[in-house]
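# Geometric and topological summary
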Amino acid sequence: SIQYIRVELPLLIYVPNSFTPNGDNMNDVFKAEGDGIMEYELTVYDRLGHTVFYTNDIHEGWDGTVKHTNQPASSGSYAYSISLKDLKGHKHTYHGMVNLIR
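The structure displayed is predicted, hence computed values, not measured ones. (Residues numbered from 1 in each chain as written. Predicted model: local features only at pLDDT ≥ 70, side-chain atom pairs only at ≥ 80, totals over all residues. Heavy atoms only, no water.)

### Focus on the nonpolar core
Rule in force here: Here, nonpolar core means buried Ala, Val, Leu, Ile, Met, Phe, Trp, Tyr and Cys residues that are tied together by side-chain atoms lying within 4.5 Å of each other. With a 1.4 Å probe rolled over the protein chains alone, any residue whose accessible area is under 20% of its type maximum counts as buried; one over 50% counts as exposed, and the rest are partly exposed. The way it works is that DSSP assigns letters per residue, a run of H or I at least four long becomes a helix, a run of E at least two long becomes a strand, and they are numbered from the N terminus.
Within the largest apolar cluster, 17 residues are counted, with the highest numbers of intra-cluster contacts made by Phe 30, Leu 42, Val 44, Trp 62, Tyr 78, Tyr 80 and Ile 82. Counting residues per element, the ones that place at least two in this core are strand E4 (37-45), strand E5 (51-55), strand E6 (76-86) and strand E7 (91-100). Considering each element in turn, this core owes the most residues, four residues, to E6.

### Looking at the pairing of E5
Put simply, the rule reads: Between any two strands, at least two bridges found by DSSP are needed for them to pair.
The pairing of E4 with E5 spans four bridges and is antiparallel. Of the residues in E5, the one forming a bridge with Thr 43 is Tyr 54. Between E4 and E5, which pair antiparallel one after the other, the connecting turn spans five residues, and Gly 49 there sits at a positive phi close to 90°.

### Focus: the sheet that holds strand E2 (residues 18-19)
The strands that make up a sheet are held in pairs by hydrogen bonds between backbone atoms, and each pair lies either parallel or antiparallel. The strand order across the open sheet built from five strands is E2-E7-E6-E4-E5, with neighbouring strands paired in mixed fashion. Whereas interior strands pair on both sides, the edge strands pair on one side only; in this sheet they are E2 and E5. The pairing of E2 with E7 spans two bridges and is classified as parallel. Paired with Phe 19 across the strands is Leu 100, a residue of E7.

### Observations concerning the environment of Tyr 94
Counted only if it meets this: The contact definition used throughout considers only heavy atoms, calling two residues in contact when any of these lie within 4.5 Å.
Its location among the elements puts Tyr 94 in strand E7. Setting aside residues no more than four positions away along its own chain, Tyr 94 makes contact with Leu 11, Ile 13, Tyr 80, Ser 81, Ile 82 and Leu 84.

### What to know about the pattern of salt bridges
Put simply, the rule is: Each reported salt bridge corresponds to a side-chain nitrogen of Lys or Arg within 4 Å of a carboxyl oxygen of Asp or Glu.
Within this structure, the stated rule accounts for one salt bridge. With a closest N to O distance of 4.0 Å, Glu 39 and Lys 85 form a salt bridge. Here Glu 39, found in strand E4, pairs with Lys 85, found in strand E6; they are 46 residues apart in sequence, far enough to count as distant.

### Here we look at the environment of Leu 9
Note that Leu 9 resides in the segment before strand E1 (12-14). Each C-alpha atom, one on Leu 9 and one on Gly 61, is 24 Å from the other, the two residues being 52 residues apart in sequence.

### Let's talk about the packing of aromatic side chains
Here the distance between the centres and the angle between the planes together describe a pair of aromatic rings. As a reminder of what qualifies: In summary, the pairing rule links any two rings of Phe, Tyr or Trp, Trp by its six-membered ring, whose centres are within 6.5 Å, and it sorts them by plane angle into stacked for under 30 degrees, edge-to-face for over 60 and tilted for everything else.
Inspection of every chain in the model, using the stated rule, returns four aromatic pairs. Taking the centre distance of 5.4 Å and the plane angle of 50° together, the rings of Phe 30 and Tyr 80 count as tilted. Highlighted residues: Phe 30 in the loop between E2 and strand E3 (33-35) and Tyr 80 in strand E6, separated in sequence by 50 residues. Judged by relative accessible area, Tyr 80 falls into the buried class, the value being 11%. Taken together, the aromatic side chains of Phe 19, Phe 30, Trp 62, Tyr 78 and Tyr 80 make up a single cluster linked through ring pairs.

### With respect to the side chain of Thr 65
Quick note on the threshold: What qualifies as a polar contact is a pair of N or O atoms within 3.5 Å, subject to a donor-acceptor requirement within protein and to the restriction that residues adjacent in sequence count only when both atoms come from side chains.
Tracing the backbone through its elements, the reader meets Thr 65 in the loop between E5 and E6. A polar side-chain atom of Thr 65 sits 2.6 Å from a polar atom in the side chain of Asp 63.

As structure tokens, then:
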């Protein structure tokens, strides 16, 4: 006889607290990684609340440049907001700070 088993992945998300966009291929971008994620949005803000980066692709990360100018952002702390939906369609929001170290 055949028996079906339903396996549900838990929502897992990892968000680093620092990154070093210096071209050494180690921690060059800020991005979240995780499992059990259906929809995803990441927004990064400077200390004045201006958006410096936005993506809805979990595989895309912030390279430390300011959007629309491609100028390097200054070293320091930046606020981020992550909104996502898990596999069950439940919404989750995470807020935090990331340190850009040059």
